[in-house]
2 protein chains.
Amino acid sequence: MDYRFRLWLMKDNKKVFGEGPLMLLKKVEELGSLRQAAMSMGMSYSKAWKIMKQIEEELQIQLINRKIGGVAGGGSTITREAKDFINKYEALVASVNKKIEEDINRFFVI
Amino acid sequence: MDYRFRLWLMKDNKKVFGEGPLMLLKKVEELGSLRQAAMSMGMSYSKAWKIMKQIEEELQIQLINRKIGGVAGGGSTITREAKDFINKYEALVASVNKKIEEDINRFFVI
DNA sequence: TGTCGTTATACATTCATAAACATAACGCAT
DNA sequence: ATGCGTTATGTTTATGAATGTATAACGACA
């Protein structure tokens with residue numbers, strides 16, 4: 001049986017971290033700019049920006065260091081805190097994924 | 001850390017079973033009609049009907065026995081196959097949830 | 001000092017999805 | 001025969017989220 005799952009971290013009953021933010025942060029790390037990260041995912045910059053803002057407010061964690069203006073117009077890099085966070089989230093998701101694969105073959109023998 | 005988790009069963013890359021259909025089937029079992037089941041969930045009947053139809057087509061499983069007309073206008077009851085299916089799905093979700101709760105406290109010590 | 005690509009933000013528009021609505025058929029009970 | 005509440009299905013309308021557009025500020029550098 002094939003499956004798909006999503007796991008969100010919640011705060012005050014609001015989604016505060018999930019697959020979208022994860023991808024975004026990894027792309028920022030790779031590309032050095034939030035705009036380029038959003039573009040590379042086919043996501044509008046305004047949405048990407050809102051996501052970052054919301055998470056930072058909600059979790060009280062600074063995720064990216066912004067630089068406005070300058071040689072390449074500016075850019076963003078992810079913070080150590082963000083790196084730690086995505087490492088934890090990825091480890092969690094991997095662990096859960098493993099569990100599902102074990103179980104799904106136990107329950108659905110199809 | 002609080003979380004929310006959703007698991008879908010897939011067929012041909014399409015969502016074919018998840019939390020929505022599960023609730024719907026349980027409500028049909030409880031209330032004896034797809035219309036009432038949908039209403040009780042604040043879901044439109046047409047959507048509920050489409051969900052049932054799609055799953056039955058996709059999984060090649062008959063989920064509900066329909067009766068049109070008659071004493072109470074008709075109604076629907078869920079099949080044994082559907083009962084088996086929701087039992088498996090619920091067991092799987094419960095097992096995975098347990099795992100997440102263990103892990104999330106291991107990873108996010110917040 | 002003007003240019004560049006970025007962050008930041010508000011606002012308008014588009015689009016996909018869901019809900020509403022409409023209609024037909026059904027069969028038991030009165 | 002008629003009415004009732006259901007299943008079945010297509011069509012229309014509404015809602016909300018995502019996207020697009022616009023504008024300002026910024027600062028290194030040529």
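Conventions adopted
- Residues numbered from 1 in each chain as written.
- Chains lettered and ligands numbered in written order.
- Predicted model: local features only at pLDDT ≥ 70, side-chain atom pairs only at ≥ 80, totals over all residues.
- Heavy atoms only, no water.
- Contact = heavy atoms within 4.5 Å.
- Buried area = accessible area lost by both parts, 1.4 Å probe.
- Salt bridge = Lys/Arg side-chain N within 4 Å of Asp/Glu carboxyl O.
- Helix = DSSP H or I, 4+ residues; strand = E, 2+ residues; numbered from the N terminus.
- Nonpolar A, V, L, I, M, F, W, Y, C, P; charged D, E, K, R; others polar.
- Near = heavy atom within 4 Å.
- Polar contact = N/O pair within 3.5 Å; in protein donor to acceptor, adjacent residues only side chain to side chain.
- Pairing = 2+ DSSP bridges.
- Axes fitted to C-alpha atoms, helices over the stretch in contact; angles between N-to-C directions.
- Parallel < 35°, antiparallel > 145°, perpendicular 65-115°, else oblique.

## Some thoughts on the interface of chain B and chain A
Quite often, the size of an interface is put as the accessible area lost when its parts meet. With 25 residues of chain B at the contact, the number on the chain A side is 26 residues. The contact between chain B and chain A buries some 2,600 Å² in all, and 75% of this surface belongs to carbon and sulfur atoms. Together, R4, M10 and F108 of chain B form the three largest contributors to the area buried by chain B at its contact with chain A, with a combined 23%. Where chain B packs against chain A, one counts zero salt bridges. Elements with a contribution of two residues or more to the side of chain B that touches chain A: β1 (2-11) and α4 (80-107) of chain B. For the side of chain B that touches chain A, the leading source of residues is α4 of chain B, giving 13 residues. Residue composition of the side of chain B that touches chain A, grouped by class: 16 nonpolar, two polar and seven charged.

## Details of the side chain of E56 of chain B
Mapped onto the fold, E56 of chain B is located in helix α3 (residues 45-59). Setting aside chain neighbours within four positions, we find E56 of chain B in contact with I61, Q62, L63, I64 and R66 of chain B.

## Structural notes on the protein's contact with DNA strand C
Residue and element names in this part refer to chain A. Among the 22 residues in the neighbourhood of DNA strand C, the closest are listed as L34, R35, Q36, W49 and G73. Within 4 Å of the protein, the atoms of DNA strand C are drawn from sugar and phosphate moieties in a proportion of 62%. In the model, a phosphate oxygen of DNA strand C is placed 2.5 Å from a nitrogen or oxygen of the Q36 side chain. A distance of 3.4 Å separates a sugar or linking oxygen of DNA strand C from a polar backbone atom of A72. Of the residues that constitute the surface near DNA strand C, the class distribution is seven nonpolar, twelve polar and three charged.

## Structural notes on the sheet that holds strand β1 (residues 2-11) of chain A
Here we have four strands laid out as an open sheet, ordered β2(A)-β1(A)-β1(B)-β2(B), and antiparallel in their pairing. If you trace the sheet from one side to the other, it starts and ends with β2 (14-17) of chain A together with β2 (14-17) of chain B, each paired once. Averaged over all neighbouring strand pairs, the angle between strand axes comes to 60°, with direction disregarded. With three bridges joining them, β1 of chain B and β2 of chain B adopt antiparallel strand pairing. Residue pairing in the sheet places K11 of chain B in a bridge with K14 of chain B of β2 of chain B.

## Looking at the packing of helix α1 (residues 19-31) of chain A against helix α3 (residues 45-59) of chain A
Residues and elements named next belong to chain A. Packing of α1 against α3 brings their axes to within 11 Å, and their N-to-C directions diverge by 105°. Here α1 lies roughly perpendicular to α3, going by the angle between them. Here P21, L24 and L25 of α1 come into contact with α3, specifically with A48, I51, M52 and I55. Its residues assigned to classes, the contact of α1 with α3 shows seven nonpolar, no polar and no charged.

## Here we look at the protein's contact with DNA strand D
Around DNA strand D, the structure places 23 residues, and the nearest of them are G70 of chain A together with L34, R35, Q36 and W49 of chain B. Sugar and phosphate atoms represent 63% of those atoms of DNA strand D found within 4 Å of the protein. The separation between a phosphate oxygen of DNA strand D and a polar main-chain atom of L34 of chain B is 2.7 Å. Between DNA strand D and the protein, one listed contact pairs a phosphate oxygen with a side-chain N or O atom of W49 of chain B at 3.4 Å. At the level of secondary structure, the elements contributing two or more residues to the surface near DNA strand D comprise α3 of chain A together with α2 (34-40), α3, β3 (64-68) and β4 (74-78) of chain B. Split into classes, the residues belonging to the surface near DNA strand D amount to seven nonpolar, 13 polar and three charged.

## Digging into the pairing of strand β3 (residues 64-68) of chain A
All names here are of chain A. Bridge analysis of β3 against strand β4 (residues 74-78) gives five bridges, and the strand direction is antiparallel. Paired with K67 across the bridge in β4 is G75. The turn linking β3 back onto β4 is made up of five residues, and G69 within it adopts a positive phi angle of 80°.

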